[in-house]
Amino acid sequence: MADTISVRVNGKPVSVPRGSTVAVAVLVAGATSRISVTGEPRGPFCGTGSCFECRVAIDGRLYRRGCMELCEPGMEITSHG
Amino acid sequence: MDNLTRLNFDVAVIGGGPAGIAAATVAAESGAATVLLDDSPAMGGQIWRSDLLAQHDVGRAQWMNRLRNSQVKRIPGAQVFHLDAKTIAAETGDAVFQVEYRRLILATGAREFFLPFPGWTLPNVVGAGGLQALIKSGFPITGKRVVIAGTGPLLMTVADFVRARGGNVLCVCEQTSWRKLALFALQLSVVPGKIQEASRLRRGIRRIPLWTNSWPLAAIGKDRVDTVKLSRGGRVFEVECDYLACGFHLVPNAELAAFMGCQLRDGFVEVDEYQRTTIRNVFCAGEPTGIGGVELALAEGQIAGYSASGQEGSSRQLFRQRAVHRRVVKPLRRAFQLRAELKALAQPETFVCRCEDVPLKSLREHNSWRAAKLHTRCGMGPCQGRVCGTAADFLFGWNMDSTRPPLFPVRCSSLAAISEDAALP
């Protein structure tokens, strides 16, 4: 089993295997990634960087694709940004 | 202002999947100064995506080692947002690159094809390959109930993968018929290794119901999917699940080639026997030239890499290998061609464009992709039509008529860094 690291999703601590993507942390936290222009909650969809549904704020950097970036210990992930 | 790094290479390869890795490695081994750019945090592309929990296959390990032992300059996490006849502009999380090249190899792979149906925007409805990618990236699927639906060999691969990780795959719904699947299996038998691969897969998923002539009608749930309504052989029924993984085979990532002005045919990049596109110093290898899988991508990648570094003799030695693996391309396309009934899945209120929430009924008022874009904002969100454009092509026969820069959403500071340098417009 891979060792785990801890990040925060909307302030809630979650633990994920080291090397996990940010999209995984969002899913593990039970969160959704964004609210669509008509107000629907959306979660990670294509998982491979095409659809942009998983975009979140990572340590204050806005509109980052969660499936394209790896979690770092202590990372602050904010969805619905 | 982000830091601009200027680089200069004989050969630049965009895309770090099997085709790109093979191309870059053999180009560097042939003495060409070579750079390999990929948008993911690690090289491997989709099929060789690194898996946090499992052993990787031998072929992947061999190529990864060969790449690491080569002189290839690797730049992961780099999103190409502009390119011209001699320069590539790309950004990473915190830097901007301007890469001058003499020969370019496009190995941009393919993405899943998604079809809109009611509820497909609900959380926990994910791509089939997308679910596999998320699990490889650390997402625990153990004990979760998963319905897999759509078309293509990837569905069975993902079913076996989810099962092996402790997920509970309730069924695989394949839109094509048993007859077409059987014919496909027969045609595969002429390609070395494929039948063994297929029968291993079949054994892995022998306890999972595989339903043909079957597709999702709707994903139902309040904040996330909890039930899938399916059509199977004309009968409708419902299955309760935690995740719906759907994918309707693959579409080539041909945007960069189209933007460069390379000739395309039916959405695929035209290449000659040396993998050269209609633009002299631009080569293309792997899925953008025809969906054919990893062995074909490796053969094409090596040929492109040798050709781009002036080793045409070495390229020719791989022609036979490529010809053998090209035999899967046509059977794949025929076996998993989408049936016309799937055009009726989306309902008037179903969003076709997920970025801008544009429903089908708004698109029906228009007669071209351009008109629909201008009037509804369909395809004008951050995915730039990579999801809805291919769906609109299937639903309405609309061609996405132009690819324009920036090729991906990009930071203003990256654009500023590049334009200040004035090498790119």
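Above: the structure in question.
The rules behind each value
- Residues numbered from 1 in each chain as written.
- Chains lettered and ligands numbered in written order.
- Predicted model: local features only at pLDDT ≥ 70, side-chain atom pairs only at ≥ 80, totals over all residues.
- Heavy atoms only, no water.
- Pairing = 2+ DSSP bridges.
- Helix = DSSP H or I, 4+ residues; strand = E, 2+ residues; numbered from the N terminus.
- Axes fitted to C-alpha atoms, helices over the stretch in contact; angles between N-to-C directions.
- Contact = heavy atoms within 4.5 Å.
- Polar contact = N/O pair within 3.5 Å; in protein donor to acceptor, adjacent residues only side chain to side chain.
- Core = buried A, V, L, I, M, F, W, Y, C linked by side-chain atoms within 4.5 Å.
- Buried < 20%, exposed > 50% of the residue type's maximum accessible area, 1.4 Å probe, protein only.
- Buried area = accessible area lost by both parts, 1.4 Å probe.
- Salt bridge = Lys/Arg side-chain N within 4 Å of Asp/Glu carboxyl O.
- Disulfide = S-S within 2.5 Å.

### A closer look at the sheet that holds strand β12 (residues 214-220) of chain B
Residue and element names in this part refer to chain B.
Line of reasoning, step 1. The strand order across the open sheet built from three strands is β12-β13-β14, with neighbouring strands paired in antiparallel fashion. On the outer flanks of this sheet lie β12 and β14 (235-240), each paired with one strand and no other. Strand-to-strand twist across the sheet, computed as the mean angle between neighbouring axes with direction ignored, equals 25 degrees.

### Let's talk about the sheet that holds strand β11 (residues 210-211) of chain B
All names here are of chain B.
Line of reasoning, step 1. Here we have five strands laid out as an open sheet, ordered β8-β15-β9-β10-β11, and parallel in their pairing. In this open sheet, the two edge strands, each paired with only one partner strand, are β8 (125-127) and β11.
Line of reasoning, step 2. One ladder, built from three bridges, connects β8 with strand β15 (residues 243-248); its direction is parallel. Its bridge partner lying in β15, Val 125 is registered against Leu 244.

### Some words on the environment of Glu 40 of chain A
Line of reasoning, step 1. Within the secondary structure layout, Glu 40 of chain A lies in the loop between β3 (34-35) and β4 (41-42).
Line of reasoning, step 2. Considering only alpha carbons, one finds Glu 40 of chain A and Ile 5 of chain A, 35 residues apart in sequence, at a separation of 30 Å.
Line of reasoning, step 3. Ignoring any residue separated from it by four or fewer positions in sequence, one finds Glu 40 of chain A in contact with Arg 34 and Ile 35 of chain A together with Thr 121 and Phe 351 of chain B.
Line of reasoning, step 4. In this structure the side chain of Glu 40 of chain A is engaged in a polar contact, spanning 3.1 Å, whose partner is the side chain of Thr 121 of chain B.

### Observations regarding the nonpolar core
Line of reasoning, step 1. One finds Ile 77 of chain A together with Ile 148 of chain B to be the most contacted residues of the largest nonpolar core, which totals 56 residues.
Line of reasoning, step 2. Those residues in contact with Ile 77 of chain A that sit more than four places away from it in its chain are Val 7, Arg 8, Val 9, Asn 10, Val 22, Ala 25, Val 26, Val 56 and Ala 57 of chain A.
Line of reasoning, step 3. By size, the runner-up hydrophobic cluster in this structure holds 49 residues, among which are Val 125, Val 225, Val 251 and Cys 378 of chain B.

### Topic: the pairing of strand β4 (residues 79-83) of chain B
Residue and element names in this part refer to chain B.
Line of reasoning, step 1. β4 sits mainly inside the fold: five of its five residues count as buried.
Line of reasoning, step 2. Where β4 and strand β5 (residues 87-91) come together, four bridges link them in antiparallel fashion. Within β5, the residue paired with His 82 across the bridge is Ala 89.
Line of reasoning, step 3. Counted along the chain from β4 to the antiparallel partner β5, the turn is three residues long.

### Looking at the interface of chain A and chain B
Line of reasoning, step 1. Listed as interface residues are 38 residues of chain A and, on the opposing side, 39 residues of chain B.
Line of reasoning, step 2. Buried area between chain A and chain B, summed over both chains or domains, comes out near 3,000 Å², and the portion from carbon and sulfur atoms is 62%.
Line of reasoning, step 3. In this structure, Arg 354 of chain B and Glu 53 of chain A form a salt bridge, with 2.7 Å as the shortest nitrogen-oxygen distance.
Line of reasoning, step 4. At the junction of chain A and chain B, the tally comes to eleven residue pairs in polar contact (both at pLDDT 80 or more).
Line of reasoning, step 5. Of all elements in the fold, only α1 (22-28), β4 and β6 (61-65) of chain A reach the threshold of two or more residues within the side of chain A that touches chain B.

### Overview of the state of the cysteines
All names here are of chain B.
Line of reasoning, step 1. The final tally for this structure, using the stated rule, is zero disulfides over all chains.
Line of reasoning, step 2. The thiol of Cys 353 is unpaired, and the distance to the nearest cysteine sulfur, on Cys 388, comes to 4.2 Å.
Line of reasoning, step 3. Residue Cys 353 is classed as buried on the basis of its relative accessible area, which comes to 1%.
Line of reasoning, step 4. With no disulfide of its own, Cys 383 lies 4.0 Å from the sulfur of Cys 355, the closest cysteine sulfur.
Line of reasoning, step 5. By relative accessible area, which is 4% here, Cys 383 ends up buried.

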